[in-house]
Amino acid sequence: MTALVIAEHNGGEIAEATLSTVTAAAQLGGDVHVLVAGGDDAGAAAGAAAQIAGVAKVLRAVDAAYAHQLPENVAPLIVSLADSYDAILAPATTTGKNVMPRVAALLDVMQVSDIIAIESPTTFKRPIYAGNAIATVESSDSKRVITVRTTAFEKAEATGGSASVDEVSGPTGDGNSEFVKLDAVESDRPELTGAGIIVSGGRALKDGETFEQYITPLADKLGAAIGASRAAVDAGYVPNDYQVGQTGKIVAPEVYIAIGISGAIQHLAGMKDSKTIVAINKDPDAPIFQVADIGLVADLFNAVPELTEKL
Amino acid sequence: MKILVPVKRVIDYNVKPRVKADGSGVDLANVKMSMNPFCEIAVEEAIRLKEAGKAEEIIAVSIGPAKAQETLRTALAMGADRAILVETDQDVEPLAVAKILKAIAEEEDPGIVMLGKQAIDDDSNQTGQMLAALMGRPQGTFASKVQIDGDSVSVTREVDGGLETVKLDLPAVITTDLRLNEPRYASLPNIMKAKKKPLDTKTPDDYGVDVSPRLAMSNVSEPPVRQAGEMVEDVDALVAKLKALGVA
Ligand SMILES: Cc1cc2nc3c(=O)[nH]c(=O)nc-3n(C[C@H](O)[C@H](O)[C@H](O)COP(=O)(O)OP(=O)(O)OC[C@H]3O[C@@H](n4cnc5c(N)ncnc54)[C@H](O)[C@@H]3O)c2cc1C
Ligand SMILES: Cc1cc2nc3c(=O)[nH]c(=O)nc-3n(C[C@H](O)[C@H](O)[C@H](O)COP(=O)(O)OP(=O)(O)OC[C@H]3O[C@@H](n4cnc5c(N)ncnc54)[C@H](O)[C@@H]3O)c2cc1C
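Here is what the cut-offs are and how they apply
- Residues numbered from 1 in each chain as written.
- Chains lettered and ligands numbered in written order.
- Predicted model: local features only at pLDDT ≥ 70, side-chain atom pairs only at ≥ 80, totals over all residues.
- Heavy atoms only, no water.
- Patch = residues over 30% accessible without salt bridge, like charges linked within 9 Å, V, L, I, M, F, W, Y side chains within 5 Å.
- Areas by Shrake-Rupley, 256 points an atom, 1.4 Å probe, with all protein chains shown as cover.
- Salt bridge = Lys/Arg side-chain N within 4 Å of Asp/Glu carboxyl O.
- Buried < 20%, exposed > 50% of the residue type's maximum accessible area, 1.4 Å probe, protein only.
- Near = heavy atom within 4 Å.
- Polar contact = N/O pair within 3.5 Å; in protein donor to acceptor, adjacent residues only side chain to side chain.
- Helix = DSSP H or I, 4+ residues; strand = E, 2+ residues; numbered from the N terminus.
- Nonpolar A, V, L, I, M, F, W, Y, C, P; charged D, E, K, R; others polar.
- Lys, Arg positive; Asp, Glu negative; His and termini not counted.
- Charge placed at Lys NZ, Arg CZ, Asp CG, Glu CD.
- Pairing = 2+ DSSP bridges.
- Axes fitted to C-alpha atoms, helices over the stretch in contact; angles between N-to-C directions.
- Contact = heavy atoms within 4.5 Å.

Engineer: Explain a nonpolar patch on the surface to me, please; I cannot follow it from the model alone.
Structural biologist: Taken together, B:Leu188, B:Ile191 and B:Met192 make up a surface patch of nonpolar side chains, about 290 Å² in accessible area. Taking relative accessible area as the criterion, B:Leu188 reaches 60% and is therefore assigned exposed.

Structure follows, in C-alpha cells:
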C-alpha cells in the first residue's frame, strides 16, 4: 500500500494544503510519496517536499508543460505514474479539483471528493448537501483517487523528513490548452484557508469603500484574514477569492467573526467548523446566531468601530 | 456550432436537507426539486452565445428519473432548442454520467459542452473534468468569463489565488461558476412553447454505458450540531469574551 500525494507549490514553496494532504495519505497506512510537477521552480519545491515529515520519496517532474498545472498536461503524467500506487491524493483546492477528476476518468476510477475522515483504506467520510449531511462511502475501484478537505486534517511537519528525490518524466499533453495569465490578488494578509482569525463581512457593508473602512481596521488590529459572503463578492465589495462557503473557500480558523452576514446555509457550509464563531448582526433572528458561540445584536456601523478601538 | 448543456435535477437550494433516520440518505420525498443553480448558469451562457451568433443550436441533456423531464422543459423554456433525457432510476455517479455524455457528444459533435461546476446535492465537482478527459479535450473549469475567438475559447477561471485565464482549442468542456451570469426567468409564452420542443428519451443501455456505482454509500448522517452560544449585551462584553479567548 503506497499513496501518491500531488503537491501544490508556488515559487519553490510547498503549499500548506499539501501538508494536510500528506497527513491524510499517511492515515491510509502505507508509504507516502509526493509528486512535484512544474516548470523550473519545481526543483526548489521538490527539495522542500523532501523535508516534510513522513514522506518516503519525492518524484520531481520538470517540464515547461507542467508550469501552470494545466490539467490537460499534468493528468497524463499522473496517470503514467499510477501503476505503482494504490491511492492518489490531492488537496481539494481549485487546482486539485481541476486535475484529479481528469486523472480518475483516465484510470476509470470514481473519485472520492473532499474527504473529511478516513475509516479504512477504502472507506471515507465526506460532506454532501453543503455539509448538511455526512456520507460514508466505500470505493470498490482498484485504486482510489481522492481529494482532501484540508481543514479536516492536521498539517504534517514541514521539516524533519529526509526523503530521496527521484527525477521522473512522462507525457506532456496534446498542447490543446494554453495558460494566458493569472490575475493574482496581492495581499500582505494571512491566507484565508490558513488563518487563525478571520473577519468576514456581508451584504450589510454596502459597498467596497465601506467594507474597507469598517472591516479592514478590525482585521488589521487582530492580524486577521478577511473573508466575505457571496453577496458581498457578487456586489463587488471584494474580489472573488474572499468568498467563504459551499462554493467558495472552506475555512476553520480559531475565531471567525461574521459581520453583517445573515448565515445562509451556503455560507455556513464554509465556516461552521470554526472553533469559535462570533456574529454581529442587527437582526436578533438572523440564522447566524444559531451557530454563533458569541453573538452581539447591534448596528455594525456603531459596534465595529467601537470594537476596533477597544481591542 | 452546437452547444451541449447537461442539466441536473436536484433539491432546491432554498430547502434545508434532512437526513433520513435510518441513515440511508437524504429525504427527498415531497421536497421541492429544481434545476441545479450552476446548470442554470450553463444554460444561460449557452443562450447568450447563441444570441451573440456564436452558436446555432443548444441541446440540453439530463440523466436521471422521468421527472428530470421537468428540468429539461425548464432549459427549453429558457431557450434551449431540444432535449435528451437519459432515463434511469439509479443514482448515476459522475464517471458514468461523463461516459454517457461522451457518447452523446460523439453523436452530436458539439463545439462546447457547458456544465455546472458542481451539483449542490453531491457537491462532487467532477463531471465536466471527467468528460473532458474521456473526450481527450481541454477544460475550462469554474468559469467566470467565456469568450469565443474563431476556433478557440478564452476562459477566465475563479481560482484560489485570483482569476486565471486559459485559452482552449475547440471543442472544449467548460464548467460554470456563480459569477458567470445571472440566469433569466422563463416567460410564460416561452414555457408554453417549450412544451412543443423536441425531447428524446433514451436509456444508458442505448449508449452502452454501465451505470453500476463504484462507490457504496453505507451511511448518511447528520453533521455534528453546533449549539447556539451566548448573546452579549454590548461591545464591552464582547471585548471581554474575545480577550478571554486570547484574541488581542
Ligand atoms: C448555489 C449557491 C451557492 C452559494 N454559495 C455561497 C457561498 O459559497 N458563500 C456564501 O456566502 N453564499 C453563497 N450563496 C449565497 C447565499 O445563499 C446567500 O445569499 C449569501 O450568503 C447572503 O450573504 P449575506 O449574508 O452577506 O447577505 P444577506 O443575507 O442579505 O444578509 C445581510 C445581513 O446583514 C444584516 N445587517 C444589515 N445591516 C446591518 C447593520 N447595519 N449592522 C449589522 N447587521 C446588519 C442583516 O440583518 C442580514 O442578516 C450561494 C447561493 C447559491 C444559490
Ligand atoms: C439520496 C441519495 C443517495 C445517493 N446514493 C448514492 C450511492 O449509493 N452511491 C453513489 O455513488 N452516489 C450516490 N448518490 C450520489 C449521486 O449519484 C450523485 O448525484 C452523483 O454522484 C453525481 O454527483 P454530482 O452531481 O455532484 O456531480 P458534479 O460533478 O458535481 O456535477 C457537475 C455537473 O455535471 C452535470 N451533471 C451531473 N450529473 C448529471 C446528470 N445526472 N444529468 C445531467 N448532467 C449532470 C451537471 O451539469 C452538473 O452541474 C446519492 C445521492 C443521493 C441524493
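Engineer: Can you help me understand the site of ligand 1 in this one?
Structural biologist: Taken together, 30 residues lie near ligand 1, and A:Arg203, A:Ser229, A:Thr247, A:Ser262 and A:Asn281 sit nearest. Neighbouring residues of ligand 1 are not confined to one chain but are distributed across chains A and B. A:Arg230 is positioned with one of its backbone polar atoms (N or O) 2.9 Å from an oxygen atom of ligand 1. The side chain of A:Asn281 places a nitrogen or oxygen atom 2.7 Å from an oxygen atom of ligand 1. Counting residues per element, the ones that place at least two in the shell around ligand 1 are helix 6 (230–234), helix 7 (265–271) and helix 8 (300–310) of chain A together with helix 1 (37–51) of chain B. Looking at side-chain class alone, the shell around ligand 1 contains 13 nonpolar, 12 polar and 5 charged residues.

Engineer: Mind showing me how you'd approach a negative patch on the surface here?
Structural biologist: Taken together, the side chains of B:Glu107, B:Asp205, B:Asp206 and B:Asp210 define an acidic patch exposed on the protein surface. Note on placement: B:Asp206 falls in the loop between strand 11 (199–202) and strand 12 (215–221).

Engineer: I would appreciate a short explanation of the sheet that holds strand 9 (residues 162–169) of chain B in the present structure.
Structural biologist: Through backbone hydrogen bonds, the strands of a sheet pair up, either in parallel or in antiparallel fashion. Taken in spatial order, the 10 strands line up as 13(A)-9(B)-8(B)-7(B)-10(B)-6(B)-1(B)-4(B)-5(B)-11(B) in an open sheet, and their pairing is mixed. If you trace the sheet from one side to the other, it starts and ends with strand 13 (177–184) of chain A together with strand 11 of chain B, each paired once. Averaged over neighbouring strand pairs, the angle between their axes works out to 25° when direction is ignored. Pairing analysis gives 4 bridges linking strand 5 (residues 82–87) of chain B to strand 11 of chain B, with the strands arranged parallel. Looking at the pairing, B:Ala83 lines up with B:Leu199 of strand 11 of chain B. Here helix 4 (residues 94–106) of chain A sits on the sheet and contacts strand 7 (139–149) and strand 8 (152–159) of chain B; the angle it forms with strand 7 of chain B, its principal contact strand, is near 85°.

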